[in-house]
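The residues making up each chain are set out below.
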Amino acid sequence: MSTLLEIKSSVLRQVQVCPSFRRRAEEPGSASADAQEAVVGAWKPGDGVEFFAQMRAIVRKGEGRQGLPCPEVRAPCCGAPAGPHPLTPAPSQVLLRSGSPAPAEPVDPNRGLRALTQEEVEMLYEEALYTVLYRAGTMGPDQVDDEDALLGYLRQVFGTSPEEHGEAIERVKKAKAPTYALKVSVMRAKNLLAKDPNGFSDPYCMLGILPASGAPREPSGQKEQRFGFRKSSRRSGPRPARCIQVTEVKSSTLNPEWKEHFLFEIQDVHTDQLHLDIWDHDDDVSLAEACRKLNEVIGLKGMSRYFKQIVKSARANGTAGPAEDHTDDFLGCLNVPVREVPVAGVDRWFKLEPRSSASRVQGDCHLVLKLVTTQRDTVMSQRGRSGFLSYLLLLSRVLRFEHRAQEPDSSSWRGELSGPGTTVLCLHGAQSDLSPLQLAVLHWQVSSRHHQTRTLDYGYLLGLLEDMQAHWEEAASLPQEQEESLADSFSAFSEFGLRLLRQLRHYFPATNSTAVSRLELLLKCLDKLQLFQPSFEICPFETELSMDIAAALKRGNHDWYNRLLSAKSPREQPGPQRLAGLVKLADTVYEDLQSCYGIYASLFHSILKVDFFTLTFRQLERLVAEEAWVLTEELSPRMTPEVASGLLELYLTLADTQRFWGCIPGRDSRSLALAGIHVPFLPAVKLWLQVLRDQVKWRLQGAVEVDTLEPVDASSKHSSSAATASLCFSHVQELWARLAWPDAAQAQGLGLQLSQDMCEATLLYVELLRKKVDSQPGAAEEPVSDSAPPAAPLQLCVVLNNVEQVRKASGQALRGLVWPEAASVAPALPRPLLSCVQALDEDLQREASTVTAHLTAKMVGDVRKYVQHISLSPDSIQNDEAVAPLMKYLDEKLALLSASLVKDSLSRVLEALWELLLQAILQALGANRDVSADFYGRFHFTLEALVGFFHAEGQGLPLESLRDGSYKRLEEELRLHQSSTRECIEQFYLDKLKQGSLGQNRFGRLSVRCHYEAAEQRLAVEVLHAADLLPLDANGLSDPFVIVELGPPHLFPLVRSQKTQVKARTLHPVYDELFYFSVPAEACRRRGACVLFTVMDHDWLSTNDFAGEAALGLGGVSGVARPQAGGAARAGQPVTLHLRRPRAQVRSALRMLEGRTNREAQEFVKRLKEMDKCMEADP
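Residues numbered from 1 in each chain as written. Predicted model: local features only at pLDDT ≥ 70, side-chain atom pairs only at ≥ 80, totals over all residues. Heavy atoms only, no water.

Draft legend 1. Local environment of the nonpolar core. Judged by nonpolar contacts, the single largest core of 227 residues is most densely connected at Trp 444, Met 468, Leu 501, Phe 604, Leu 692 and Phe 950. The biggest single contributor to this core is helix α18 (residues 575–608), with 17 residues. For Phe 604, the contacting residues outside a window of four places in its chain are Leu 501, Leu 504, Leu 519, Leu 523, Ile 549, Leu 553, Lys 609, Val 610 and Phe 612. Counting 36 residues, the second-largest nonpolar core is a separate cluster that includes Cys 1010, Cys 1084, Val 1120 and Leu 1137. (Core = buried A, V, L, I, M, F, W, Y, C linked by side-chain atoms within 4.5 Å. Buried < 20%, exposed > 50% of the residue type's maximum accessible area, 1.4 Å probe, protein only. Helix = DSSP H or I, 4+ residues; strand = E, 2+ residues; numbered from the N terminus. Contact = heavy atoms within 4.5 Å.)

Draft legend 2. How the structure looks around the sheet that holds strand β15 (residues 1105–1113). Pairing is antiparallel in the open sheet, where four strands are placed in the order β12-β11-β14-β15. In the strand order of this sheet, the two ends are held by β12 (1058–1059) and β15, each with one partner. The sheet contact formed by strand β11 (residues 1040–1047) and β12 spans two bridges and is antiparallel. Pairing of Val 1044 across the sheet is with Gln 1058, part of β12. (Pairing = 2+ DSSP bridges.)

Draft legend 3. Region of interest: the sheet that holds strand β13 (residues 1070–1077). In spatial order, the strands read β13-β10-β9-β16; together these four strands make up an open sheet with antiparallel pairing. Only two strands of the sheet have a single neighbouring strand rather than two, namely β13 and β16 (1135–1138). The sheet shows a mean angle of 25 degrees between the axes of neighbouring strands, direction not considered. Direction of pairing for strand β10 (residues 1018–1027) relative to β13: antiparallel, over a ladder of six bridges. Looking at β13, one finds that Leu 1019 is bridged to Phe 1077. (Axes fitted to C-alpha atoms, helices over the stretch in contact; angles between N-to-C directions.)

Draft legend 4. Quick look at the packing of aromatic side chains. The tally for this structure, following the rule as stated, stands at 25 aromatic pairs. Between Phe 613 and Phe 660, the aromatic rings sit 5.5 Å apart at their centres with planes inclined by 65 degrees, giving edge-to-face as the arrangement. Of this pair, Phe 613 sits in helix α19 (residues 612–635) while Phe 660 sits in helix α20 (residues 641–662), and the two are 47 residues apart along the sequence. Geometrically, the ring pair formed by Tyr 651 and Phe 681 is tilted, given 5.5 Å between the ring centres and 45 degrees between the ring planes. On the criterion of sequence distance, the pair formed by Tyr 651 in helix α20 and Phe 681 in the loop between α20 and α21 (682–705) is long-range, its members being 30 residues apart. A single burial state applies to Tyr 651 and to Phe 681, both of which are buried. One aromatic cluster in this structure is built from Tyr 590, Tyr 597, Phe 613, Phe 617, Phe 660 and Trp 661. (Phe/Tyr/Trp six-rings, centres within 6.5 Å; stacked < 30°, edge-to-face > 60°.)

So this is what it looks like as structure tokens:
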């Protein structure tokens, strides 16, 4: 291994020659020298572990900053559809991590409704008791019909004692009962009977309240007949109807729509009932006039007379006589007892009924019924307090009581009231004749105010707004006083919401899914408030709510940043201490921007159309940029490695922030305050890269020192130092990718410098590894038995694996050091970086080859021994038996190597071992002359067996590499050894013909023309001219002539060679001489038959000089391949031959013949040696 120290690295030579690659400046007092001294003085040599741990933390910090955070996909709230954010970024990380309760929101008891006086509480208590005691109508399935339960509930709500409660009940019972009225809305009818010839009807309704009929009737056998406004009976007088009303006539329809509303006073809610008839209008009398006359009837007697008048024109059971063509037709009726009307009212379809069992009717009628009070004997009513106000106060009281029963810290209560509470409110709302819109407004006002005193669920508030919006579109506007009250509640709630948004990060942290869901619902509530703004005559907002929200967000951003700055990097601290805090501040700002983009932005944009991310990013990046500019100016004059490290970390975060903005489609980072922020950080980055260079070297040195040259694990097969080196290079590459220096020219300089530092570090590692191996005690020992291999070969295997591992790792890292401009221009590496990569790869390949040579050198003796065993094996044993020891040895050795080497290293060793085997066999062939053909056949068998062994059915070396180089030479040697003398001579000429096919013009050209004259049985060869011959004389010219001869000699034994005239002092002689050779055509067609042209330089006083030769195969000459018709001679086309000198494959055949002892071979060799004496070495 000591010879490895003599290797000169091409990269180091490049560094020494090229000034731009030199790390250390030669000029004394230069800036780079000063920086180097600062680095060495500040950073003491060590193992670099702490440094790389810090660098890895910096790199890992940026791993979560690649791309854009994906907006969170949450379950839609309150049935709202979940839609994508208009900005659709690439997903990178999940920001929501916690489902814990949201932070508590600020509450203020003073923000609720005003506190009532004792007198007002007593009045409200009386109002509630009056509502329960004088309730009317039917209770619903979810309502409480137990009077004692309702009264007991009110006692708990108002907190009265049993005695006070009993006294209050007695007072209310002595009060006058309320006056009830029935609100009837006739909406529509459907599927009525057609009474007119056109297939339709002209329907209208007559309706009124029927009083109690007295004592119940006794059952009779007669058919039951129902009451009708336009029907009388002779058997019994009609029951009077109070205030009969009539709707409009809807012409030509079976599905009329009226939507008319009526109010009927009720005398007895327990016995009165609503009656409604539907008629087909046929009379000419006005319905309004008829209804007016009917309502003027006083007493049963007057009513009876009126019915007698109208019954004359009525048709009995729907049939009419000829004189009754203009009477109305009955379409159906219905009766609804008032006591059966639900407390909350009813809105449904009623099936029409006939007047008697003989009547034929069909269809349904849609009615809306509600039982209300018009007069109430309570103090609040007497003082003119409206039902709207009393319901508001009662609801507030009930809501506070119900919420107190929940968990003390509950912020998710959705206003679910108990059965008694719901019943009392339903009774009071119905009796006070509050519309659905008024009820929705009251619930919103009370709940929104209560929310500011004790937190409610925003989904509940949003539901109240949506309910109010739905009723707002259906109903008319509110009275001015109620609208003003609603506007005040909107203003109070919006002010409360804006106060929360100013502290958005505190009350709605992005890492808390519960808080983010509450924020989404809050924003939807604020959006609903904006929808009501155009509906108010008195606008509740002085400005657009979206503008107020943007202003609140800006103020919140500024306050949050100032608190963060004061906590992490106070301005009164010294620069180095502020730097560490500013790094944390920048990291926090970046994380906050991620939250803004991934969580908040989609909410604000989709709900309120507020671009929260742009607003926040512009504000925060400007504030951070200002702090960074000021701090870098302060720290630049006293730059140290520690300060450079902090500035680098700060710059990476600022660059990430700038790139974060640029990653969003349609955003230009050049308009930011951070644009150009890299300029003041350049000195710190350069200094830090110098520190990185030294730390890498120290890290590698420490890794080699503790390396035991044992594999880390069975899969990797390299030692710990190679793993450390690969990790260092990977960290450097990752850091460069994180750096992404924006200035192309500066990035190129930094990248080239870093690549040179990595090359130096790689070669330093190889040198340290080499010294480590040389210092091992078993480095120079010979290998022992195969069963117990020595430590040195195993260490060499580990070293070879280490070199291969570092070669790949460093190459990959270097290819990753592309600067931005080069990466955008072309996919290939820039030329300076490519040359650096190639030079390092060549050095490491050479190092690996040297280690491989040392590894295989320990096998040379065994290989030669087993090859000699094959050569000495007697002919009596089979070939496979002779080769078996060698194959067994190789199998055992390669099994050990395969277990110890990675694939690429194993391939390298296999290639070296293959070459070693080929050379050993060639040596064995050269040492054995005049042996039998079986000897060479056995080695030919060995060669093919080795090819199959090393190819291993495609798992080993490829066949192309196995059958190249020395294999071809060995195969040719074996083939020639097995050939006869004449076959060797023929091969000699065939090699010359193959050599002539190579298109080179180094020794000049010769133009000839040949044809065969079959009639004379002679070959005509014409030498025309030559060009560009070699100057072989002192005057720079030559005296060339050409010798023409046929070969091989055994094919033309009687033919003598001929030669042209000598052309003095020229390199372009013209001969135009024709030569004839009397030879049979069959001889010219034989294998290897050719014309050999030898160009010589004539010397008068010494031996002629060889200038070049060329061969022309006779098989393709005109007249030889195809005889001429009639035997006429025809000259062929001129042929230009390239002159050359014999190559190795030609000389190999000659060596074969030199080993032959027969006369023919010796004479052939003797004649060729005479020719060789005339040859000189290639110029």
